[in-house]
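Coordinates in review
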Amino acid sequence: MRFEDIVFVYHLNDPGQIAWHGRDHCHGENLYEIHYFVSGEGSFRNDKTRYAIERGSLYFSAPGMWHQILATVLEKPITYYALLIDASEDGETAALLDRLVGRGEGRIVGNGYRFFFADILEKHLSGEPELEFSARHALISMLYQIAAGKGPSWATPDNAH
């Protein structure tokens, strides 16, 4: 597995950014995308289903799955991370991602993951092979935790006590 691209979008409210990030698109063979929404209001369409964006929600899009971010409440702009993952050389991670994609529905994993994704982005951009390796393995660990229905205590959903 390798990161094809990782982006952090803070307050999606510029018309040019909305057009780019809100385009209806899909990715090629072996490319999975993970969207983690930190805040804002709008919706996310994954395949043929539209979901209201909720703080701390996580969506998985499989290769060829059309998806789109719809920023509809400009007074409450969307902030999110998107990770584009190439699993062409890692069948185990591809199988795990296929399990998590399901029908494209989101999961509320909690707002605490914003720091996790910030760390992944920082390590990815570092240019240090060891840190990039660490980021890939941290993500794989998180994916297995989600597949098991678990997560770290700091990432509990906001409404859990």
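Fair warning: this is a prediction, and the values are worked out from it, not measured in the lab. (Residues numbered from 1 in each chain as written. Predicted model: local features only at pLDDT ≥ 70, side-chain atom pairs only at ≥ 80, totals over all residues. Heavy atoms only, no water.)

Quick word on the nonpolar core
What counts here: Residues grouped as a nonpolar core are buried Ala, Val, Leu, Ile, Met, Phe, Trp, Tyr and Cys residues, joined through side-chain atoms within 4.5 Å. Classification of residues uses two cut-offs on accessible area relative to the type maximum, computed with a 1.4 Å probe and protein chains only: under 20% is buried, over 50% is exposed, and between them is partly exposed. Only DSSP runs of H or I reaching four residues or more are called helices, and only runs of E reaching two or more are called strands; each is numbered from the N terminus. Throughout, a contact is declared for two residues whenever any of their heavy atoms are within 4.5 Å.
With 32 residues, the main nonpolar core has Leu83 and Leu139 as its most contacted residues. Those elements that provide at least two residues to this core are strand 1 (2-12), strand 2 (31-39), strand 5 (57-61), strand 7 (78-86), helix 2 (91-101), helix 3 (113-125) and helix 4 (129-147). Here this core takes 6 residues from helix 4, the largest share from any one element. With residues up to four places along the chain from it excluded, the contact list for leucine 139 reads Met1, Phe3, Ile34, Leu83, Ile85, Phe116 and Ile120. Core analysis: the second largest hydrophobic core is formed by 12 residues, Leu12, Phe44, Ala71 and Ile78 among them.

Observations concerning the sheet that holds strand 7
Let me state the cut-off plainly: Two strands form a pair only when DSSP identifies at least two bridges running between them. Note on geometry: axes are C-alpha line fits, over the in-contact stretch for helices, and angles between N-to-C directions span 0 to 180 degrees.
Spatially, the 5 strands line up as an open sheet ordered 1-7-2-5-8, and their pairing is antiparallel. The two strands at the open ends of the sheet, each matched to only one other strand, are strand 1 and strand 8 (107-108). The sheet contact formed by strand 5 and strand 8 spans 2 bridges and is antiparallel. Looking at strand 8, one finds that leucine 58 is bridged to arginine 107. Together, strand 2, strand 5, strand 7 and strand 8 form the strand contacts of helix 2, whose direction differs from that of strand 2 by roughly 50 degrees.

Quick notes on the packing of aromatic side chains
Stated precisely, the cut-off is as follows: In summary, the pairing rule links any two rings of Phe, Tyr or Trp, Trp by its six-membered ring, whose centres are within 6.5 Å, and it sorts them by plane angle into stacked for under 30 degrees, edge-to-face for over 60 and tilted for everything else.
Scanning all chains against the criterion turns up 13 aromatic pairs. With a centroid separation of 4.5 Å and an interplanar angle of 35 degrees, the aromatic rings of phenylalanine 8 and tyrosine 81 are classed as tilted. Of this pair, phenylalanine 8 sits in strand 1 while tyrosine 81 sits in strand 7, placing them 73 residues apart in sequence. Taking 5.6 Å as the distance between ring centres and 40 degrees as the angle between the ring planes, the aromatic pair formed by phenylalanine 37 and tyrosine 80 counts as tilted.

Quick look at the confidence of the model for the chain
Put simply, the rule is: The pLDDT value tells you how sure the predictor is about a given residue, anywhere from 0 up to 100.
When the pLDDT values of the chain are averaged, the result is 90; 91% of them are 70 or greater. Across the chain, the secondary-structure element scoring lowest on mean pLDDT is strand 8, at 80, and the one scoring highest is strand 7, at 97.

Considering the pairing of strand 3 (residues 43-46)
Burial along strand 3 is two-sided: Ser43 and Arg45 facing one way and Phe44 and Asn46 facing the other are all buried. Across 4 bridges, strand 3 lies against strand 4 (residues 49-52) in antiparallel orientation. Following the sheet pairing, serine 43 is matched in strand 4 by alanine 52. The hairpin turn running from strand 3 into strand 4, its antiparallel successor, is 2 residues long, and aspartate 47 in that turn takes a positive phi close to 65 degrees. Judged from the 4 bridges that link them, strand 3 and strand 6 (residues 67-70) form a sheet pairing that is antiparallel.

Here's the deal with the side chain of arginine 45
Take arginine 45: it is sitting in strand 3. Excluding its chain neighbours within four sequence positions, the residues that come into contact with arginine 45 are Asp24, Arg50, Trp66, His67 and Gln68.

Some words on the environment of isoleucine 18
Within the element layout of this structure, isoleucine 18 appears in helix 1 (residues 15-21). With a relative accessible area of 21%, isoleucine 18 lands in the partly exposed category. Ignoring any residue separated from it by four or fewer positions in sequence, one finds isoleucine 18 in contact with Leu12, Asn13, Arg23, Ala71 and Leu74.

Observations concerning unusual backbone geometry
Of note in this structure, histidine 11 is not a glycine but carries a positive phi near 50 degrees. The partly exposed category is assigned to histidine 11, whose relative accessible area is 30%. Here the phi dihedral of asparagine 30 falls at roughly 70 degrees; this positive angle occurs in a residue that is not glycine. Following the sequence through the fold, asparagine 30 ends up in the loop between helix 1 and strand 2.

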